[in-house]
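Observations on the three-dimensional arrangement
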Amino acid sequence: MAIERFRRSRAGRVANIPNIRPVAAQEAARSAQSFSQAMDRVSRFAFSEAQEQYQAESKTRAAEIIQEKGAVPAIQEIVEQGGPQDLVEETVYEVGNRIATVRIGSMAKASMNQLVLDAEQNNSSFEDLDQQINDVVLGYTSALEEYSPEAALEARIELESNAATYKNNFAQAFQKRQIEELQGEALAAYESERQAYIAAAIEDVPPEVRQENLAKRRDNIEQLFIDAGFNPKTYQQTLIDLDKEAKESQVLMDFGNLDSVEEKEAYIENLRDNPIPELGVDETRILRNKLIGELNKTESGRRSVVNTASDQLDSFITIARAGGEVNQEQVTQIGALAEQYPELQVEFQEKTAMLQNIQAFRSMPPVALERTINEMRSEGIETEFQAEMVDLA
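Remember, predicted model here, so these are calculated numbers, not experimental data. (Residues numbered from 1 in each chain as written. Predicted model: local features only at pLDDT ≥ 70, side-chain atom pairs only at ≥ 80, totals over all residues. Heavy atoms only, no water.)

1. Here's the deal with the overall build of the chain
In plain terms, the rule: Put simply, DSSP H or I for four residues or longer makes a helix, DSSP E for two residues or longer makes a strand, and each gets a number counted from the N terminus. The rule is simple: take the accessible area with a 1.4 Å probe, protein chains only, and divide by the maximum for that residue type; under 20% is buried, over 50% is exposed, in between is partly exposed. Every residue pair with non-hydrogen atoms within 4.5 Å of one another is taken to be in contact. Reported accessibility uses the Shrake-Rupley method at a 1.4 Å probe radius. Residues are deemed covered only where the shown protein chains occlude them.
A tally of helices and strands in the chain yields 14 helices and zero strands. Overall, the chain shows an N-to-C arrangement of helices and strands of α-α-α-α-α-α-α-α-α-α-α-α-α-α. Put simply, the chain has 393 residues, and 28% of those count as buried. Considering only intrachain contacts with a sequence separation of at least 6, the fraction spanning at least 24 residues in the chain is 62%. Total accessible area computed for the chain in this model is approximately 25800 Å², and 51% of it derives from carbon and sulfur atoms.

2. Some remarks on unusual backbone geometry
Not every positive phi belongs to a glycine, and Asn123 is a case in point at roughly 55°. Here Asn123 lies in the loop between helix 4 (87-122) and helix 5 (126-145). On the basis of relative accessible area, Asn123 is assigned to the partly exposed category, the value being 43%.

3. Focus: the pattern of salt bridges
Note the following rule: Think of a salt bridge as a Lys or Arg side-chain nitrogen and an Asp or Glu carboxyl oxygen that are within 4 Å of each other.
In total, this model carries 12 salt bridges according to the counting rule given. When the shortest N-O distance is used, the salt bridge between Asp243 and Arg218 registers 2.9 Å. You can see Asp243 sitting in helix 8 (residues 232-256) and its partner Arg218 sitting in helix 7 (residues 207-227), a full 25 residues away along the chain. Within this structure, Glu191, Arg194 and Glu245 form a network of salt bridges that share partners.

4. With respect to the packing of helix 8 against helix 10 (residues 280-321)
Put simply, the rule is: Convention adopted: a line fitted to C-alpha atoms gives each axis, helices being fitted over their contacting stretch, and angles between N-to-C directions are expressed from 0 to 180 degrees. Working rule for angles: under 35 degrees goes down as roughly parallel, over 145 as roughly antiparallel, 65 to 115 as roughly perpendicular, anything else as oblique. By convention the crossing between two helices is left-handed if the near helix lies anticlockwise of the far one by an angle smaller than a right angle, and right-handed if it lies clockwise. Note that Gly is not counted as nonpolar here; it falls among the polar residues with everything else outside the nonpolar set of Ala, Val, Leu, Ile, Met, Phe, Trp, Tyr, Cys and Pro and the charged set of Asp, Glu, Lys and Arg.
At a closest axis distance of 11 Å, the pairing of helix 8 and helix 10 adopts a crossing angle of 30°. Between helix 8 and helix 10, the angle falls in the class roughly parallel. Note that helix 8 runs across helix 10; the crossing there is right-handed. Where helix 8 approaches helix 10, its residues Lys244, Glu248, Val251, Leu252 and Phe255 are matched on the opposing element by Glu283, Leu287, Lys290, Leu291 and Leu295. Split by residue class, the contact of helix 8 with helix 10 holds six nonpolar, no polar and four charged.

5. Section: the nonpolar core
The condition that has to hold: Residues enter a nonpolar core if they are buried and are Ala, Val, Leu, Ile, Met, Phe, Trp, Tyr or Cys, with the set joined through side-chain atoms within 4.5 Å.
Phe316, Val326, Val331, Ile334, Leu344, Phe348 and Leu355 are the most contacted members of the largest nonpolar core, which has 16 residues in total. The biggest single contributor to this core is helix 10, with six residues. What Ile334 contacts, discounting residues up to four positions off in sequence, is Ala309, Gln312, Leu313, Phe316, Leu344 and Phe348. Listed in part, the 15 residues of the second largest apolar core include Ile198, Ala200, Phe230 and Leu239.

6. Structural notes on the packing of aromatic side chains
Note the threshold: Any two of the Phe, Tyr and Trp rings considered here, Trp counted by its six-membered ring, make a pair once their centres fall within 6.5 Å; the pair's planes then place it as stacked at under 30 degrees, edge-to-face at over 60, or tilted in between. Cation placement over rings: the criterion is NZ of Lys or CZ of Arg within 6 Å of the ring centroid and within 35° of the ring normal.
Under the criterion given, the structure shown has six aromatic pairs. Here the aromatic rings of Tyr190 and Phe225 are separated by 5.3 Å at their centres, their planes lie at 45°, and the arrangement is tilted. One end of the pair, Tyr190, is in helix 6 (residues 149-201); the other, Phe225, is in helix 7, and 35 residues separate them in sequence. Note on accessibility: Tyr190 and Phe225 belong to one class, buried. Three or more aromatic residues link up through ring pairs in this structure, and these residues are Tyr190, Phe225, Phe230 and Tyr235. In this arrangement the basic side chain of Lys264 is found over the ring face of Phe255, its NZ or CZ atom lying 5.4 Å from the centre.

7. Comments concerning the environment of Glu269
Within the fold, Glu269 resides in helix 9 (residues 261-273). Spatially, the C-alpha atoms of Glu269 and Arg288 are 8.6 Å apart, while their sequence positions differ by 19 residues.

8. Some remarks on the packing of helix 4 against helix 6
One way to put it is that helix 4 packs onto helix 6 with a least axis distance of 10 Å and a crossing angle of 15°. Of the possible angle classes, the one that applies to helix 4 and helix 6 is roughly parallel. Where helix 4 crosses over helix 6, the two elements pack in a sense that is right-handed. In this structure, helix 4 contributes Tyr93, Asn97, Thr101, Gly105, Ala108, Lys109, Met112, Asn113, Val116, Ala119 and Glu120 to the contact, and helix 6 contributes Glu150, Ala151, Ala155, Glu158, Leu159, Asn162, Ala163, Tyr166, Phe170, Ala173 and Arg177. A per-class count over the contact of helix 4 with helix 6 returns 12 nonpolar, five polar and five charged.

9. Quick look at the side chain of Arg177
For clarity, the threshold we go by: Asp and Glu count as negative and Lys and Arg as positive, but His and the ends of the chain are not part of the count.
Take Arg177: it is sitting in helix 6. In this structure Arg177 is buried but unpaired, with Glu181 as the nearest side chain of opposite charge at 4.5 Å. Ignoring sequence-local partners within four residues, the contact set of Arg177 consists of Glu120, Asn123, Ser124 and Phe170.

This is how it looks when you write it as structure tokens:
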């Protein structure tokens, strides 16, 4: 118990001892710490300044060395001595590699571009250009391989990417040129096939044979377009237009083979009621108007020919009545013309008969001529031609 009271009494006295802080000592410590930190900052700043100045001087000296010796020779010299020995040489090596890579890349690109231009001008094959571009990539990057494998690898990666672009562009241009040439040949061949197709459409053969021939030729033309790589939309329209042209040619041929005006008018009227499927209503109407124009033109020409021949016959009669001689060769020519123009035949027969009677009347004695006139009158005058014959006598 006494011991316990002693401990408590001692603890109470210790607790009551005042806490005295050494202010001066603490301030001195803080001052020393601040001074040390300030000196550290000054040292770091001075070192940083010196380092930056050294780096700047190294870059300047490196640039001078590269300018004096050239990028590749400068790199070669550093490699031969075992690698960079200081910051200047490290900078020379690094900058020289970049410069060499850029220059080699630039020269290689210029070479590849020229190869493409020459290949396009000379119409070279893709295989030849591919090999030439590969040689350019290998040749230019090999110049760096010995002194800077890293730079050579970087240059090769970039040049291979550029080479792929040049090859792809040439391949597209080469393919386009081949297609254009092939299509040009196909178009030239098509013109010949088109004419043959139209000829087959108007060929004088049975309809079933004609349709079979046309189908074969049409298949050949379509295959021609397919092989040449034409757009289906383009050549399908061309084939549709070709079918229309063939059908129109066939109609014109059939119309021209009709003999009489009545048959042609009936043919035109049938087109009015039954439009041609290949042409449709509108284009059939256009074709029908064309046929009407052809018919009118033909009839106008025929009338002109017939009227001219009629006038010639009248002039022959006038000459004969006046006692002149008629050119028989010209009469024969009009007779041949009358064979082609049925509407002229009746008139030709009547007027040539008049010419023959005029010549016969002129050779008769007056008594015989008077008896002939009386006989014609006694037989009766029922037509204008008979009246004209009596008048001529």
